[in-house]
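The chain contents come next:
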Amino acid sequence: MIVPMRKLSLLIFYRDYQAFLGELREKGVVHIHENKKRSAEDEELKHKFAVIKRIGEMIKQLSKRIPETKETFTELLERWSQAMEPKEKLFFYQQVFYAGDRLKEESEVTELDLLTFLENQFKRMEHIDQQIASLEKEGMIYEPWGDLPDEQIGGLQRAGWDLRFFTVPDRKYLPEWEDKYNAFVINQDKGQKYFVTVLPREVEEYPEADVVSFPQMSAEQIRQQVAGLKTEKETVAENLKKIAAFSVEYLKDLKVRICEDTDTLKVKDAAMTLLEDKVIALEGWVPEAIAADTDHWLADKGVAYELEIPTEQDNPPILLKNNKFARLFEFIGELYSLPNYREIDLTPFFAPFFVLFFGFCLGDAGYGLLLLLGITIYKFKAKPAIKPILSLAQWLGISTVIMGIVGGTFFGIQLLDVQVPWMEKMKAYMLDSQQLFNLALIVGAVQIIFGMFLKVANQWKQHGFAAALSTIGWLVLILGEGICYWLSTKGYAMDVPMYVVGAVAGLLIFVFNNVRRNVFINIGAGLWDSYNMVTGLLGDTLSYIRLFALGISSAVLGLVFNDLAMNMSPDVPGVKQLVMLIILLFGHSVNLFMAGLGSFVHPMRLTFVEFYKNAGFEGGGKKYRPYKKRSN
């Protein structure tokens, strides 16, 4: 459900503006209407967003380096610094960890110094990697030649001999070069010959081959430099590991503070000055449920304000309020778009279908049981922030168990073929492949028709009953004719009712699809709408075959891995069981991951394309984000 909003218009005297803004933030209920054009031109705001992006990327990189068990020294430092102000904490941090760097006075320390320091450390590691790659590339030149005797080579050169190194494809190497140029083959690898010539320095004729130029450093010097760079990188990485936990916490706090700054800048850009800059005007939105409390609070603030119902031209922010079950699926809907303010929130309507579709696609009771048990155990020690996602996963696991039983699959084992006495009663509830195929189409048709009912409600709510007549006509045609056909198969005479249903549906589709237009225009529009509906409904219904296809594919792959485990295991006691276990664990892990991914993505696709389209979903809503303090 979309929470109704009230439009709040404020006029504040310029001297009271900053103080009032602070109180407004403390209250934390007003969503300020943004001036997107001015915010897009605000250079300071752009800079803040860039810093937030840098901090987010750094937190991701450092989070991978946090050790599972923090070191005692780091824990002590964190405890000592907990009571410090941000600037004091940063200065303290710098004194402890910036060993070897220039230390700043406390007055010179800025909030971004830590971020810059960490970025430089990662850049240093990247530079080291580039240097190592360059050196190793140079070192590869020496590989075909082995360790070159530098002293002997120098002795030859001092004696007036010229030693040159060549490489040439095998087919182009001429044996006569050995006599003509005093050539010696040193190595042969991958179709190339590596050879040297030893000739007097005054001889200028050489074989037609590629001359090898060696780096200025010797192979040993390159190895030593690479080893030194690797040691340096390990030292930097180890230092980052030691300070990762502390740095992440500091950067998270910094990100919150900068996000608060961006909120303030957006409010600044949204404000309009009136009466020679003496009065500042703001507009915002307040949820209807707390509008009266906000009204009472503003009455004592000495500002001019007005709380009113939004007009048709207004675009209020979206705040969703659903029951405990549907609330778990709100983030899925947000992946596509929030509804606009004047339409129906489809979250509680697609949620049950999404759960069913996931179970249909994964379709293995064993996988579902494993998923359910694993998530339930993990949920006891999980952070509160991710518990709603885990609750959603539990529902998906339950659905998978149920649909796995319906499909008769347990870790790839086909339960319909299992001859166990106590399972015979359960087989009556299991479906074969053809029945599962039919069920997928039936479920798809049900969701599409359900979506059309929601479209009627949406059109009625937004534009009045007349706007929904065309969609009602299609529902009359599909359901009415379907019921008439079913009754005719039972022996009832349904010719006349079928004509009546067709006539009523035809009038609604072709004549009354828009009561404000000319009837002939309506007929033309109805014909075009009919073409789109017929082709669209057919294609949409067939799209639900993917539910059956994914369920069957995961079951077949599970069966294949079971067969591989049985047939590829050596017939040696002990070894056979071990190999079987390895194949089963690996195979079913891969199958569970791939099938689970598809089971989440494809129901989401059916929701956002087939269901949303037939429900007339428009979207484009902006999330309700009140101006408030983000830090604790």
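Residues numbered from 1 in each chain as written. Predicted model: local features only at pLDDT ≥ 70, side-chain atom pairs only at ≥ 80, totals over all residues. Heavy atoms only, no water.

In the nomenclature of an unreviewed UniProt entry, the protein chain is known as ATPase of Odoribacter splanchnicus. Looking at the protein chain in UniProt, the text filed under Subcellular location (unreviewed entry) is "Membrane". As stated in UniProt under Sequence similarities (unreviewed entry), the record for the protein chain gives "Belongs to the V-ATPase 116 kDa subunit family." (UniProt positions renumbered as here; feature names shortened; annotations may be inferred.)

Before going further, it helps to spend a moment on the domain arrangement of the protein chain. Entries for the protein chain in the domain assignment read domain 1 (139-220) and domain 2 (324-421 + 431-615). Placing a centre on the C-alpha atoms of domain 1 and another on those of domain 2 gives a separation of 71 Å. (Domains from an automatic or database assignment.)

Within the largest apolar cluster, 28 residues are counted, with the highest numbers of intra-cluster contacts made by L10, Y17, F20, L24, I32 and L282. Only β1 (5-13), α1 (17-27), α9 (219-270), β8 (279-287) and α10 (291-298) provide two or more residues apiece to this core. Aside from chain neighbours lying at most four places away, what touches Y17 is I12, V267, A271, I280 and L282. Core analysis: the second largest hydrophobic core is formed by 23 residues, C361, V443, I448 and V456 among them. (Core = buried A, V, L, I, M, F, W, Y, C linked by side-chain atoms within 4.5 Å. Buried < 20%, exposed > 50% of the residue type's maximum accessible area, 1.4 Å probe, protein only. Helix = DSSP H or I, 4+ residues; strand = E, 2+ residues; numbered from the N terminus. Contact = heavy atoms within 4.5 Å.)

Inspection of every chain in the model, using the stated rule, returns 19 salt bridges. Between D162 and R164 there is a salt bridge, with the nearest N and O atoms lying 3.3 Å from each other. For D162, a relative accessible area of 16% corresponds to the buried category. We classify R164 as partly exposed; its relative accessible area is 31%. Of the charged contacts in the structure, one is a salt bridge between E610 and R605, with a shortest N-O distance of 2.5 Å. Taking the relative accessible area as the measure of exposure, E610 reaches 2% and is therefore buried. Overlapping salt bridges bring together K7, E283 and D314 as one network. (Salt bridge = Lys/Arg side-chain N within 4 Å of Asp/Glu carboxyl O.)

Turning to the UniProt feature "transmembrane region" (unreviewed entry) in the protein chain, a few remarks are in order. The UniProt entry lists residues 349-374, 395-416, 436-454, 466-488, 494-512, 544-566 and 578-601 under the feature "transmembrane region" (unreviewed entry), expressed in the numbering used here. Annotation note: span residues 494-512, helix share 89%, strand share 0%, distance between end C-alpha atoms 26 Å. End C-alpha atoms of residues 544-566 are separated by 34 Å, and the span's content is 96% helix alongside 0% strand.

A word on the packing of aromatic side chains. Pairs of aromatic rings are described using the distance from one ring centre to the other and the angle between the two planes. For the structure shown, the criterion picks out 33 aromatic pairs. A ring pair is formed by Y173 and F195, whose centres lie 5.4 Å apart and whose planes are at 65 degrees; its orientation type is edge-to-face. One end of the pair, Y173, is in the loop between β3 (161-169) and α8 (177-180); the other, F195, is in strand β5 (residues 192-200), and 22 residues separate them in sequence. What makes Y173 buried here is its relative accessible area of 9%. Ring centres of F357 and Y544 lie 5.8 Å apart, and the angle between their planes is 65 degrees; on these two criteria the pair is classed as edge-to-face. One end of the pair, F357, is in helix α13 (residues 347-362); the other, Y544, is in the loop between α19 (519-543) and α20 (545-567), with 187 residues separating them in the sequence. Assessed through its relative accessible area of 0%, F357 is described here as buried. (Phe/Tyr/Trp six-rings, centres within 6.5 Å; stacked < 30°, edge-to-face > 60°.)

Taken together, the side chains of F586, V590, F593, M594, L597 and V601 define a hydrophobic patch exposed on the protein surface, amounting to about 610 Å² of accessible area. Structurally, L597 is set in helix α21 (residues 575-614). Note on L597: relative accessible area 46%, which makes it partly exposed. (Patch = residues over 30% accessible without salt bridge, like charges linked within 9 Å, V, L, I, M, F, W, Y side chains within 5 Å. Areas by Shrake-Rupley, 256 points an atom, 1.4 Å probe, with all protein chains shown as cover.)

The sheet built from 4 strands is open, its strands ordered β4-β5-β3-β6 with antiparallel pairing. What marks the edges here is a single partner per strand, and that holds for β4 (183-189) and β6 (210-211). By the bridge criterion, 2 bridges tie β3 to β6 in an arrangement that is antiparallel. In the strand pairing of β6, T167 is matched with D210. (Pairing = 2+ DSSP bridges.)

The topology assignment puts D314 in the loop between β9 (304-308) and α11 (324-327). Along the primary structure D314 and N438 are separated by 124 residues, whereas in three dimensions their C-alpha atoms are 46 Å apart. In this view, D314 contacts K7, W285 and R342; residues no more than four positions away in its chain are not counted. A distance of 3.4 Å separates a polar atom in the side chain of D314 from a polar atom in the side chain of K7. Here T311 takes part through its backbone nitrogen, which lies 2.9 Å from a polar atom of the side chain of D314. (Polar contact = N/O pair within 3.5 Å; in protein donor to acceptor, adjacent residues only side chain to side chain.)

Here we come to the side chain of S470. As for its placement among the helices and strands, S470 is situated in helix α17 (residues 469-489). Residues within four places of S470 in sequence aside, it is in contact with L508, I509, N513 and D529.

Here β8 lies mainly inside the structure; 8 of its 9 residues are buried. Across 9 bridges, β1 lies against β8 in antiparallel orientation. Residue K7 lies in a different strand from β8, and its bridge partner there is W285. Relative to β8, strand β2 (residues 31-32) is paired through 2 bridges, and the arrangement is antiparallel. Bridge pairing in β8 places I32 opposite G284. In this sheet, β8 lies alongside strand β7 (residues 272-274) in antiparallel orientation, the contact comprising 3 bridges. Paired with L274 across the bridge in β8 is V279. Counting the residues between successive antiparallel strands, the hairpin from β7 to β8 contains 4 residues, one of them, L275, with a positive phi of roughly 50 degrees.

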